[in-house]
Structure formats: C-alpha cells, structure tokens
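Reading the structure
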Amino acid sequence: EKAVGALAKVGPSIVCAAAAECGAFLLGASTGMPAVISFSRFAAASVAVDVLVQLTLFPAVLSLAFGKRQPPTHTRTHGSLHRSPEDVDRRTQDAGAIEADEETRESNEGG
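Residues numbered from 1 in each chain as written. Predicted model: local features only at pLDDT ≥ 70, side-chain atom pairs only at ≥ 80, totals over all residues. Heavy atoms only, no water.

What to know about a negative patch on the surface
This is how it is decided: Note that patches include only residues with greater than 30% relative accessible area and no salt bridge, and the join distances are 9 Å for like charges and 5 Å for nonpolar side chains (Val, Leu, Ile, Met, Phe, Trp, Tyr). Here, Shrake-Rupley sampling with a 1.4 Å probe gives the accessible areas, and only protein chains in the shown set may cover a residue. Should a side-chain nitrogen of Lys or Arg be within 4 Å of a carboxyl oxygen of Asp or Glu, the pair is scored as a salt bridge. The positive count covers Lys and Arg only, the negative count covers Asp and Glu only, and His and the chain ends enter neither. Note that the charge is assigned to NZ on lysines, CZ on arginines, CG on aspartates and CD on glutamates. For the purposes of this entry, the term helix denotes a DSSP run of H or I that reaches at least four residues, the term strand denotes a run of E that reaches at least two, and both are numbered from the N terminus. Three labels apply to residues, based on accessible area from a 1.4 Å probe with only protein chains included: buried if under 20% of the type maximum, exposed if over 50%, partly exposed otherwise in between.
Taken together, Glu99, Asp101, Glu102, Glu103, Glu106 and Glu109 make up a surface patch of like negative charges. Counting through the fold element by element, glutamate 109 comes out in helix 3 (residues 85-110). Looking at glutamate 109, the relative accessible area reads 64%, which means it is exposed.

Here it is as structure tokens:
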C-alpha cells in the first residue's frame, strides 16, 4: 500500500526526468562523431531500462522482501514506550540468566 502511494506520487516525476535525459542523449546522437553517437544511444537505452526497472521490478522485489514483516512488539504512545507482556517477560528472563551466569562465574573464581 505504501509502495503504491509512493509510486503514484513520484512516478510521473521519474518518467518526466527520464524522458528529458533520453531526449538529451538522443540529441547527442545527431552529431557527426561516431564515438559520441554510440555513447548517446547506449546512454539513452540505459536510462530507459533503468526507469523500467525502477517502476516495475524494484517495487515488486521490495514488496516480496518486506511485505510479510511482523508488526513491532512495542509502540511509542504519548512519549512513553509501551512493551508487550511477552517482550517484558523475555527481557526479565534474559536479565535473570545474566545474573545467574555472573554469580556462577564469581563462585568459580573465588573458590
């Protein structure tokens, strides 16, 4: 949904800019120098392919890669951080395990 909104907002600008670049490069192809003609044609073609990739393949890959992400377990509301009960329990268990490891280490070093 966000990708569609972003493409709807930015897509026309991308197409206009690419059309202007392609036009400028193709105008360069009207010169008499073979090296400039070759460069201009390849540059115009590469800009056209780049726009097609930006508007089709890249958003599709992004939606596949990030489309099935889970929502965060904590949210920021009114300036304070609220955590889910599972997140709080996991942090408490981790802290207890760290303290137990430190006590074990101290008893092994001291004895």
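Examining the environment of valine 53
Rules: Any two residues whose heavy atoms approach within 4.5 Å are treated as being in contact.
Tracing the backbone shows valine 53 in helix 2 (residues 34-66). A relative accessible area of 35% places valine 53 in the partly exposed class. Sequence-distant contacts of valine 53, that is, excluding residues within four places in its chain, are made with Phe58 and Pro59.

Considering the environment of serine 46
Applicable threshold: Distance and chemistry together define a polar contact, namely a pair of N or O atoms within 3.5 Å, with one atom able to donate a hydrogen and the other to accept it when in protein, and with adjacent residues in sequence counting only for side-chain atoms on both sides.
The residue serine 46 is located in helix 2 in this model. C-alpha separation for the pair serine 46 and cysteine 22, spaced 24 residues apart in sequence, amounts to 8.9 Å. In terms of polar contacts, serine 46 uses its side chain to reach the backbone carbonyl oxygen of alanine 43, at 2.9 Å.

Some remarks on the packing of helix 1 (residues 2-28) against helix 2
Threshold: Every axis in this analysis is a line fitted to C-alpha atoms, fitted for helices over the stretch in contact. Angles between the N-to-C directions lie between 0 and 180 degrees. Here is the rule for angles: anything less than 35 degrees is roughly parallel, anything more than 145 is roughly antiparallel, 65 through 115 is roughly perpendicular, and the remaining ranges are oblique. Three classes are used: nonpolar for Ala, Val, Leu, Ile, Met, Phe, Trp, Tyr, Cys and Pro, charged for Asp, Glu, Lys and Arg, and polar for all others, with Gly counted as polar.
The geometry of helix 1 relative to helix 2 is characterised by a closest axis approach of 8 Å and an angle of 170° between their N-to-C directions. The orientation of helix 1 with respect to helix 2, classified from their angle, is roughly antiparallel. Packed against helix 1, whose contacting residues are Leu7, Gly11, Ile14, Val15, Ala18, Glu21, Cys22, Phe25, Leu26 and Gly28, the element helix 2 presents Val36, Phe39, Ser40, Ala43, Ala44, Val47, Ala48, Val51, Gln54, Leu55 and Pro59 at the interface. Of the residues in the contact of helix 1 with helix 2, the class split is 16 nonpolar, four polar and one charged.

Observations concerning helix 1
Where we set the bar: The length a helix should cover is 1.5 Å for every residue beyond the first. Each residue is assigned a bend, namely the angle between axes fitted to the seven residues that terminate at it and the seven residues that start at it.
Its 27 residues give helix 1 an end-to-end C-alpha distance of 38 Å, which sits within 8% of 39 Å, the value for a rise of 1.5 Å per residue. Taken as a whole, helix 1 carries its principal kink of about 45° at valine 10; the proline proline 12 stands between one and four residues after it. Residues of helix 1 that are buried make contact with helix 2.

Looking at helix 2
Given a rise of 1.5 Å per residue, 33 residues ought to cover 48 Å, and the 46 Å separating the end C-alpha atoms of helix 2 matches this to within 8%. Buried within helix 2 we find Ile37, Ser40, Ala43, Ala44, Val47, Val51 and Pro59.

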